[in-house]
Amino acid sequence: MDRINIKSMLESIVGPENVSDDPFELVCYSRDVSPEVPRLPLIIVRPHSTEEISRIMILANHARIPVACWSGGTNVVGAIAGNAILIDMTAMNKIIEIDEDNLTVTAQAGITWGRLLTELEQRGWTTGPCPQCGLVSTIGGGVALSNNAVFSGKYGLVGEQVVGLQVVLPTGEILRTGSGANPNSKNFYRYAWASDLTGLFIGSHGVLGIITEVTLKLYPLPEARESCGYGFDSLEAALRALHEIQRLRIPIEYAGIALKEHTPQLEYPASLLPIIVSGMKEEVQVWIDKIHKICLKLGGKRLPQELADAQAEWVMKARYLTAALFGNEPPPNSRSLVYMHPCCSCLPTLEVQKLIEKTKAFIKEMGLEKYKISIAFAIWACANCVICSPLIY
């Protein structure tokens, strides 16, 4: 089947205005924010419904043409498929239902986190974690990549918030997961109707199907939010304090680890800064007091409150920034202004120091020290582990 016929058939499904093979537009869709080499799609199609996507998949199967999805373009791992039918999900951007009785929100996969969170917050709700890929990233992409996120320390990764999905399979079949698989039921519970089919698609990168609708848990906005910070004589001590906080399931929204070698203005070799706790006013103070006792017991020194508050304010603002655009100025000895964020690894908290030591040993082994490369580490808490990413300047 030739390209002209494919285009006309796609136009019959979504309308001529929603199909393009214009070279300029193809270039615009050829890369995300990663440093990967651009790859041109074959043709771009912009559906407005699950049923249209189903018909596109059936056509692609018949023509034996690969299919890929595009949403916010904020992916940092080069998830671009060349020479494929590229489905632009951004027209599927509606909130279907905010179900305050069952504590869920259902929306089309192409809605941005910025719009979804804004509308929910106006009604006193949140979905919990906010993906670090930013305001313009979409919830479908967040689920397909199982984003880690700011506030994952309290709520868990984005995938853990999913109650149910609607997915178009590679065959064109439409699947619902969770309790919503029952046509007479709403999506209010994920682990229903035998196998956990929802889990198949979380973190699948779109390989197993195209997510078209997502139902997420709702949480009330916190009444109060407090921050604190502690300095430690070693990274090991800071990690052990964080591990103890996690072991006791203290619901921290965020806890970052700052190293003096990357942030010279800090007094201690390693700091837990900031630690952010939120919830009802009474419980927030209880948790702050508990964190204080843990940190002091493990040799921590309380940092000035104004420093903790300033760092917490920065985190609250930066939580909406795209990861690839987010970072401090490189150290003075650095030869490059390039900020590389090659991975986001979820690691057991007490294993982080090993990763740092291995990374530094690799730099030395490869003789890269002569280039005055500066290595820092972005470390913050998830629910049971940490997100640790080597940052190379």
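In this text the structure is predicted, and so the values were computed from the model without any measurement.

About the cut-offs
- Residues numbered from 1 in each chain as written.
- Predicted model: local features only at pLDDT ≥ 70, side-chain atom pairs only at ≥ 80, totals over all residues.
- Heavy atoms only, no water.
- Helix = DSSP H or I, 4+ residues; strand = E, 2+ residues; numbered from the N terminus.
- Polar contact = N/O pair within 3.5 Å; in protein donor to acceptor, adjacent residues only side chain to side chain.
- Contact = heavy atoms within 4.5 Å.
- Core = buried A, V, L, I, M, F, W, Y, C linked by side-chain atoms within 4.5 Å.
- Buried < 20%, exposed > 50% of the residue type's maximum accessible area, 1.4 Å probe, protein only.
- Salt bridge = Lys/Arg side-chain N within 4 Å of Asp/Glu carboxyl O.
- Pairing = 2+ DSSP bridges.
- Axes fitted to C-alpha atoms, helices over the stretch in contact; angles between N-to-C directions.
- Disulfide = S-S within 2.5 Å.
- Patch = residues over 30% accessible without salt bridge, like charges linked within 9 Å, V, L, I, M, F, W, Y side chains within 5 Å.
- Areas by Shrake-Rupley, 256 points an atom, 1.4 Å probe, with all protein chains shown as cover.
- Phe/Tyr/Trp six-rings, centres within 6.5 Å; stacked < 30°, edge-to-face > 60°.
- Left-handed = near helix turned anticlockwise from the far one by under 90°.
- Nonpolar A, V, L, I, M, F, W, Y, C, P; charged D, E, K, R; others polar.

### Structural notes on the side chain of Thr-177
Here is step 1 of the chain: Secondary-structure assignment places Thr-177 in the loop between β11 (174–176) and α7 (197–201).
Here is step 2 of the chain: A polar side-chain atom of Thr-177 sits 2.7 Å from a polar atom in the side chain of Thr-198.
Here is step 3 of the chain: Not counting residues up to four positions away in its chain, the partners in contact with Thr-177 are Gly-164, Leu-165, Asn-187, Leu-197, Thr-198 and Phe-201.

### Observations regarding the nonpolar core
Here is step 1 of the chain: Counting residues in hydrophobic clusters, the biggest one holds 46 residues, and the most contacted among them are Leu-10, Leu-116 and Ile-211.
Here is step 2 of the chain: Excluding anything up to four places from it in sequence, Leu-10 contacts Gly-15, Val-19, Ile-43, Val-45, Ile-56, Leu-59 and Ile-85.
Here is step 3 of the chain: Counting 30 residues, the second largest nonpolar core, distinct from the first, contains Tyr-230, Ala-237, Ile-257 and Val-386.

### With respect to the pattern of salt bridges
Side chains that differ in sign of charge can pair as their charged atoms come close.
Here is step 1 of the chain: Under the criterion given, the structure shown has 13 salt bridges.
Here is step 2 of the chain: In this structure, Arg-225 and Glu-253 form a salt bridge, with 2.7 Å as the shortest nitrogen-oxygen distance. Placement of the pair is Arg-225 in strand β14 (residues 224–232) and Glu-253 in strand β15 (residues 252–259), with a sequence separation of 28 residues.
Here is step 3 of the chain: Of the charged contacts, one joins Glu-351 and Lys-354 as a salt bridge, the two residues approaching to 3.5 Å between their closest N and O atoms.
Here is step 4 of the chain: Each of Glu-97, Asp-99 and Lys-186 takes part in a single network of salt bridges with overlapping partners.

### Things to note about the sheet that holds strand β4 (residues 85–88)
Here is step 1 of the chain: With mixed pairing, the 4 strands of this open sheet are ordered in space as β1-β2-β4-β3. Strands at the two margins of the open sheet, each flanked by one partner only, are β1 (19–20) and β3 (67–70).
Here is step 2 of the chain: Sheet topology places β3 next to β4; 4 bridges connect them, and they run parallel. Bridging from a neighbouring strand, Val-67 pairs with Ile-85 of β4.
Here is step 3 of the chain: Along the sheet face, helix α3 (residues 50–63) touches β2 (43–45), β3 and β4 and points at about 175° away from the line of β4.

### Focus: the sheet that holds strand β5 (residues 95–99)
Here is step 1 of the chain: The strand order across the open sheet built from 5 strands is β5-β6-β12-β10-β11, with neighbouring strands paired in antiparallel fashion. Every other strand in the sheet has two partners, leaving β5 and β11 as the edge strands with one partner each. Mean inter-strand twist for the sheet, computed between neighbouring axes without regard to direction, equals 10°.
Here is step 2 of the chain: As paired strands, β5 and strand β6 (residues 104–108) are joined by 4 bridges and run antiparallel to one another. Following the sheet pairing, Asp-99 is matched in β6 by Thr-104.
Here is step 3 of the chain: Across the sheet, α3 is in contact with β10 (162–168), β11 and β12 (210–217); its angle to β10 comes to roughly 45°.

### A short note on the environment of Arg-31
Here is step 1 of the chain: Tracing the backbone through its elements, the reader meets Arg-31 in the loop between α2 (23–28) and β2.
Here is step 2 of the chain: Spatially, the C-alpha atom of Arg-31 lies 8.3 Å from that of Ala-79, the residues being 48 residues apart in sequence.
Here is step 3 of the chain: Apart from the residues within four sequence positions on either side, Arg-31 is in contact with Glu-36, Pro-38, Trp-70 and Ile-80.

### Overview of the state of the cysteines
Here is step 1 of the chain: The final tally for this structure, using the stated rule, is 0 disulfides.
Here is step 2 of the chain: We note that Cys-228 lacks a disulfide partner, and the nearest cysteine sulfur, in Cys-295, lies 6.6 Å from it.

### Points about a nonpolar patch on the surface
Here is step 1 of the chain: A cluster of nonpolar side chains, Leu-197, Leu-200, Val-207 and Leu-208, forms an exposed patch at the surface whose accessible area comes to about 350 Å².
Here is step 2 of the chain: Positionally, Leu-197 belongs in helix α7.
Here is step 3 of the chain: The exposure class assigned to Leu-197 is partly exposed, which follows from its relative accessible area of 33%.

### So, the packing of aromatic side chains
Here is step 1 of the chain: Here the structure, examined in full by the defined rule, presents 3 aromatic pairs.
Here is step 2 of the chain: On the basis of an interplanar angle of 55° and a centroid distance of 4.6 Å, the ring pair of Tyr-155 and Tyr-219 is categorised as tilted. Of this pair, Tyr-155 sits in helix α6 (residues 152–155) while Tyr-219 sits in strand β13 (residues 219–220), placing them 64 residues apart in sequence.
Here is step 3 of the chain: Overall, Tyr-155 belongs to the buried group, its relative accessible area being 12%.

### Structural notes on the packing of helix α8 (residues 235–247) against helix α9 (residues 281–297)
Here is step 1 of the chain: α9 packs onto α8 with a crossing angle of 145° between their chain directions and a minimal axis gap of 9 Å. Note that α8 runs across α9; the crossing there is right-handed. Counting all contacts with α8, which are made through Ala-241, Glu-244 and Ile-245, the residues of α9 involved are Ile-291, Ile-294 and Cys-295.
Here is step 2 of the chain: Grouping the amino acids of the contact of α8 with α9 by side-chain chemistry returns 5 nonpolar, no polar and 1 charged.

### Digging into the side chain of Thr-104
Here is step 1 of the chain: As for its position among the elements, Thr-104 is in strand β6.
Here is step 2 of the chain: On the basis of relative accessible area, Thr-104 is assigned to the buried category, the value being 3%.
Here is step 3 of the chain: Beyond its immediate stretch of four places on either side in the chain, Thr-104 contacts Glu-97, Ile-98, Asp-99, Val-163, Asn-187, Phe-188, Thr-215, Leu-216 and Leu-218.

### Side note on the pairing of β10
Here is step 1 of the chain: Burial within β10 is extensive, with 7 of its 7 residues counted as buried.
Here is step 2 of the chain: By the bridge criterion, 6 bridges tie β10 to β12 in an arrangement that is antiparallel. Looking at the pairing, Gly-164 lines up with Thr-215 of β12.
Here is step 3 of the chain: Alignment of β10 against β11, held across 3 bridges, turns out to be antiparallel. Paired with Val-167 across the bridge in β11 is Leu-175.
Here is step 4 of the chain: Counting the residues in the hairpin turn of β10 and β11 gives 5 residues, including Gly-172, whose phi is positive at 100°.

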